[in-house]
Amino acid sequence: MNFRLLLLPVLLLGLSATVAVFPLGSADAFAQDQQPIQVETPAEAPSPQPAQQQLQPLANGLLDAAVTDLNKARKEYALLHDSAKQPGGDDETLVALSGRADELGRSIAAVSAKLKPRTSEIDARLTQLGPVPKEGQPPEAVIVTQERDRLNAERSQISALMLDADNLTAETNRISMQLVEKRRKLFAETLLKRTEISAGTLQDAGSALIEESVSFRDAITSWIGFVLKAKLGSLLAAVLLSMGAALIFLVGGYRLFRRYYMQDETVESPPYISRLSVAFWSTLIRTMSLAAFLVTSFFFLSNFNVLRPDIAPILAALFGFIGLVYFVGRLSNAVFAPFRPHWRLVKLSNKGAYSLTWCLQAMAVVNGLDYVFDRISESMGSPVVVTVAKSFFAAMLIGVILIAASFGSPMLAKNGDPDAPGRRWPHGMAIILRGLGILVIFTSFIGYVGLARFMATQMIVTSAVIATMYLGIQLGKAVSKQGVFAETIIGRFLESRLKLGEVALDQGGLVAGLATYAVALLTGIPLILLSWGFHIQDLELFAYRLFTEIKIGNISISLLGICVGILLFAGGYLVTRWFQRWLDSNVMARGQVDLGVRNSVKTGIGYLGIAVAAIISISAAGIDLSSLALVASALSVGIGFGLQNIVSNFVSGLILLVERPFKVGDWIVSGTSEGIVKRISVRATEIETFRKQSIIVPNSELINASVGNWTHRNRLARSEIPVSVSFDSDPRKVMEILLELVRGVPKVLRNPEPHVEFLRFGPSSLDFEMRFYLSDLSDGMETRNNLRIEILKRFREEGISIPYPHQELHIVRDSGRGRRTDVGDKKLTDSADGPEGESDAAESILSSAEDRVPDAKSTGRRRGRSAAE
């Protein structure tokens, strides 16, 4: 039996090694898998070997699904590899391949993600089963051995599948990187491609342009005929839907947002923030409305099959041309305001603003038409020389416009009159404009037409987008200033509708400023990236990775998951607060539950709800805290020492809520603190003294120290009033009077019965104490006050006097010195004789003073003579 137990681990180890080795095939095959795939070479890289083909099948649907998914991924990888190694290809094709590679990588990662929870379950179960018994130990049950073997076999299969998935992911990532590198090379080659510019080239381009015009005319004519004959209904439907889109985006946007971007002619001197707001929102909202209308119109025309493959790119370029020209025109009119100098954002003369507006619009028109003609040439199959000639003349025109603009005088005159002739550009600005114009022209002349065209485009598009972003950032900065948001249209609306105060409006200004920053950046940055050669699919992929998988080391963070987690936590917090209020006001209040119990229940529900919301939000965010276990264990000692008081107070707060030695509303005494408990929180308890001072006491002090609670079980309390009378008063009569008075008070309880105690014979009085009980100790002060008044009134009626202490001073002779001195022997006595004892003491003081005066004088004379001698 012991021999079998020793042989079993050896067999399991051999089986695991065999299963782990077989998925990889031979060492040579594995080495081939690790070699980078060269897209440019015809040599075909082998795809990862199917590891699961050598696995013994298990009755596990999860493994079967993983094997099926990996087989599909392997087939997709083979197709992707064959497509990627094809030479040539344009940017659109490479972008599509990159999208397929990214989708393949996500599908493979999903397979591994599905297998990881099962791996954790197996490891946990193996830990529960424990290790294999060693030699000399008692053998384990057969069913335990069989369970361990089954789990180890399944664990080996899952490991092999995950290793195969990792290899396939690595190969897919290599293809993705190679596609990106190929796109970069293609972009650089397109920009730096040189074409000889000569008279013969331009002559050939002119001849080809004539042929292209005829082909384009024929294509348009045939397309119109085709639409009128076969697609008239589809065309009308698309046009109607496009008009509906126009009503929604253009007219609807104008009616909804015109108050925020319309320039008010009645305002003669609008503030700077108003000018910024009108410029930014008029440019952004109107351009986005037009862009939405153009996109939806093209979508309807395409989906109704109205556009032919040769016409669709031309119409898309035409729509882009309209959007670009409108955007540049809106921005230049908003910033320069050629016809409204009081709304102008820059210091320009009227003539200068008008000329700069036309220069910018002319550059936008030239650049847009160049792209429209380029699409026409591509659709008509024209030779490349036609596109080169068109771009050459477009770049020349843009360069000439820049140089001409540099010689203008657009700056505002020194006297500030916008109608006066303006001043020239600052010297540096004029040099920059001329340098850019000359650079574009020179680049075109030496044959780099693509580079010149790219530079001209970026001067227009990128500059316009950056200018719009700058307006948005400046607007956000202005709105964020203290007290500014309250003066805006939105601020006044919120103040009148929601009755917001100054502080709330100021915080709203911060939020509005951040929102303006976000709108400016999220709108401008994608447009700049698109103009610099990025594709829409690149931006979608970047956004997907940004919001779903940000990897820091081995930790993967999902911004989208974090946002969802925050929203879930906020929702759970609000639901918890609502349930607390509902339970307190509808259930416990109607049931007349004690106030302290209600507070404890509300606090406990609050802790429980927040804890559950936090767990749900962390799970939704996809944050794996197990990777932080090492850091947490290293910091646990320091955190334990640093937070021990906080943890102690927190645990003490939970004990106070559960044990309830006192509750909210109790009158307690702890050390030097005495007052009413107002709130029991996580860390401390708030006590309000009778002078309305709030004292925050840590919970641990209330747990570890003695606490007196006047209202622990009930509010019943005993109250006492001490009373002293003269020696000649009748004690029984005094007691009867006191009992009669206290029994006449309605708030004094009859059970326990009030009584009067004869306490002692005082130095100058007979001391009594009246004791009685009240149902609510908060009535004690008022009851004692009223009783004292009644006692004093009744004693005067009955002739009972209340004594007060007297002071006697005795003068004695100092026999040792032969002279009379006063001795500070003061005896405080309480005389019951009243004024008689007081007069005797006064006579004694006067006589002693008279006897002492001559002796004092003679003594002083004797001392003087002695000093003189």
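Residues numbered from 1 in each chain as written. Predicted model: local features only at pLDDT ≥ 70, side-chain atom pairs only at ≥ 80, totals over all residues. Heavy atoms only, no water.

Draft legend 1. Seen up close, the overall build of the protein chain. Per the secondary structure count, the protein chain includes 24 helices and 14 strands. Relative to its 869 residues, the protein chain shows a buried fraction of 36%. In the protein chain, of all internal contacts separated by at least 6 residues, the share reaching a separation of at least 24 is 71%. Summing over all exposed atoms, the protein chain offers an accessible surface of approximately 51500 Å²; the carbon and sulfur share of this is 62%. (Helix = DSSP H or I, 4+ residues; strand = E, 2+ residues; numbered from the N terminus. Buried < 20%, exposed > 50% of the residue type's maximum accessible area, 1.4 Å probe, protein only. Contact = heavy atoms within 4.5 Å. Areas by Shrake-Rupley, 256 points an atom, 1.4 Å probe, with all protein chains shown as cover.)

Draft legend 2. Broad picture of the environment of Gly-513. Along the chain, Gly-513 turns up in helix H15 (residues 502–531). As a C-alpha pair, Gly-513 and Val-479 span 34 residues in sequence and 5.5 Å in three-dimensional space. Residues within four places of Gly-513 in sequence aside, it is in contact with Gly-476, Val-479 and Ser-480.

Draft legend 3. Spotlight on the side chain of Ser-406. Tracing the backbone through its elements, the reader meets Ser-406 in helix H11 (residues 384–406). For Ser-406, the side chain forms a polar contact with the side chain of Arg-434, separated by 3.1 Å. Among all residues touching Ser-406, those that are not within four sequence positions of it are Trp-425, Ala-430, Leu-433 and Arg-434. (Polar contact = N/O pair within 3.5 Å; in protein donor to acceptor, adjacent residues only side chain to side chain.)

Draft legend 4. Layout of the layout of surface pockets. Taken as a whole, the second largest pocket encloses approximately 960 Å³ of empty space. Contributions of two or more residues to the lining of the second largest pocket are made by helix H8 (272–303), helix H9 (312–336), helix H10 (350–380), H11, helix H12 (427–445) and helix H13 (449–480). In terms of residue count, H13 provides more of the lining of the second largest pocket than any other element does, eight residues in total. By residue class, the composition of the lining of the second largest pocket is 27 nonpolar, three polar and no charged. (1 Å grid on protein atoms, 1.4 Å probe; cavity = no way out; pocket = protein on both sides within 12 Å on 5 of 7 lines; lining within 4 Å. Points joined across faces, edges and corners; volume = space filled by probe spheres on them. Nonpolar A, V, L, I, M, F, W, Y, C, P; charged D, E, K, R; others polar.)

Draft legend 5. The sheet that holds strand E3 (residues 667–670), seen in detail. Spatially, E6-E5-E4-E3-E7 is the arrangement adopted by the five strands of the open sheet, whose pairing is antiparallel. Taken across any chain shown, the strands that pair with only one partner, and hence form the sheet edges, are strand E6 (694–698) and strand E7 (708–709). Pairing between E3 and strand E4 (residues 673–680): four bridges, direction antiparallel. In the sheet register, Ser-670 faces E4, and the bridge partner there is Ser-673. (Pairing = 2+ DSSP bridges.)

Draft legend 6. The arrangement of empty space enclosed by the protein in detail. Counted according to the given criterion, the structure contains two cavities of 30 Å³ or more. If you trace the second largest cavity, you find it lined by Asn-367, Asp-370, Ser-391, Ala-394, Ala-395, Ile-398, Arg-453 and Ala-456. Breaking the lining of the second largest cavity down by element, the ones donating at least two residues are H10, H11 and H13. When residues of the lining of the second largest cavity are assigned to their parent elements, the largest contribution, four residues, is made by H11. Residues that form the lining of the second largest cavity fall into these classes: four nonpolar, two polar and two charged.

Draft legend 7. A look at the pairing of E6. Here strand E5 (residues 684–688) runs beside E6; their pairing, made up of five bridges, is antiparallel. Within E6, the position partnered with Thr-685 by the bridge is Val-697. Hairpin connection between E5 and E6: a loop of five residues separates the two successive antiparallel strands, and Lys-692 in this loop has a positive phi of roughly 65 degrees.

Draft legend 8. Structural detail: the sheet that holds strand E8 (residues 717–725). Pairing within the open sheet is antiparallel, and its three strands lie in the order E8-E10-E9. Both edges of this open sheet fall to E8 and strand E9 (755–761), since each of them pairs with a single strand only. Across the sheet, the mean angle from the axis of one strand to that of its neighbour is 25 degrees, orientation sign disregarded. As paired strands, E8 and strand E10 (residues 766–774) are joined by nine bridges and run antiparallel to one another. Paired with Val-723 across the bridge in E10 is Phe-768. Against the sheet, helix H22 (residues 731–743) makes contact with E8, E9 and E10, and its axis sits at roughly 20 degrees relative to E10, the strand it touches most. (Axes fitted to C-alpha atoms, helices over the stretch in contact; angles between N-to-C directions.)

Draft legend 9. Structural view of H9. Here H9 contains 25 residues, and its C-alpha end-to-end distance of 36 Å stays within 8% of the 36 Å for a straight helix at 1.5 Å per residue. Downstream of H9 by a residue or two, Ala-337 has a phi angle that is positive, lying close to 45 degrees. (Expected span 1.5 Å × (residues − 1).)

Draft legend 10. The pairing of E10, seen in detail. Burial of E10 is extensive: eight of the nine residues sit out of reach of the surface. Hairpin connection from E9 to E10: four residues lie between these consecutive antiparallel strands.

Draft legend 11. Layout of the nonpolar core. Judged by nonpolar contacts, the single largest core of 47 residues is most densely connected at Val-328, Ile-398 and Leu-471. Breaking this core down by element, the ones donating at least two residues are H8, H9, H10, H11, H12, H13 and H15. Broken down by element, the residue count for this core peaks at 13 residues, all from H13. When sequence neighbours within four positions are dropped, the list of residues in contact with Val-328 reads Leu-360, Gln-361, Ala-364, Ile-460 and Ala-464. In this structure, Ala-66, Tyr-77, Leu-126 and Ala-165 belong to the second largest nonpolar core, which totals 25 residues. (Core = buried A, V, L, I, M, F, W, Y, C linked by side-chain atoms within 4.5 Å.)

Draft legend 12. Layout of the pattern of salt bridges. With the rule as written, the count across this model stands at 31 salt bridges. Among the salt bridges present, the one from Arg-150 reaches Glu-154, with a minimum N-O distance of 3.6 Å. Note that Arg-150 and Glu-154 are positioned in helix H5 (residues 142–192) at a spacing of four residues, about one turn of the helix. By relative accessible area, Arg-150 is classed as partly exposed at 39%. A salt bridge links Glu-688 to Lys-678, with the shortest nitrogen-to-oxygen separation between them at 3.5 Å. Taken as a pair, Glu-688 in strand E5 and Lys-678 in strand E4 lie far apart in primary sequence, 10 residues in all. Connected via shared salt-bridge partners are Arg-118, Glu-121, Glu-147, Arg-150 and Glu-154. (Salt bridge = Lys/Arg side-chain N within 4 Å of Asp/Glu carboxyl O.)

Draft legend 13. Focus on the confidence of the model for the protein chain. Here the protein chain shows a mean pLDDT of 77. Residues at 70 or above account for 81%. For residues 1–59, every residue scores under 50 in pLDDT, and the model assigns this stretch 85 contacts once sequence neighbours within four places are set aside. Contacts for the low-pLDDT stretch residues 818–869, under 50 throughout, to residues beyond four places or in other chains number 42 contacts. (pLDDT = per-residue confidence, 0-100.)

Draft legend 14. Layout of the packing of aromatic side chains. For the structure on display, the rule yields 14 aromatic pairs. Centre to centre, the rings of Phe-298 and Phe-319 are 6.5 Å apart; their planes meet at 80 degrees, and the pair counts as edge-to-face. Placement of the pair is Phe-298 in helix H8 and Phe-319 in helix H9, with a sequence separation of 21 residues. Judged by relative accessible area, Phe-298 falls into the partly exposed class, the value being 24%. Seen in terms of ring centroids, Phe-339 and Tyr-354 are 6.0 Å apart; in terms of plane orientation they differ by 70 degrees. Their pairing is edge-to-face. Taken together, the positions of Phe-339 in the loop between H9 and H10 and Tyr-354 in helix H10 put the pair 15 residues apart, joining distant regions of the chain. (Phe/Tyr/Trp six-rings, centres within 6.5 Å; stacked < 30°, edge-to-face > 60°.)

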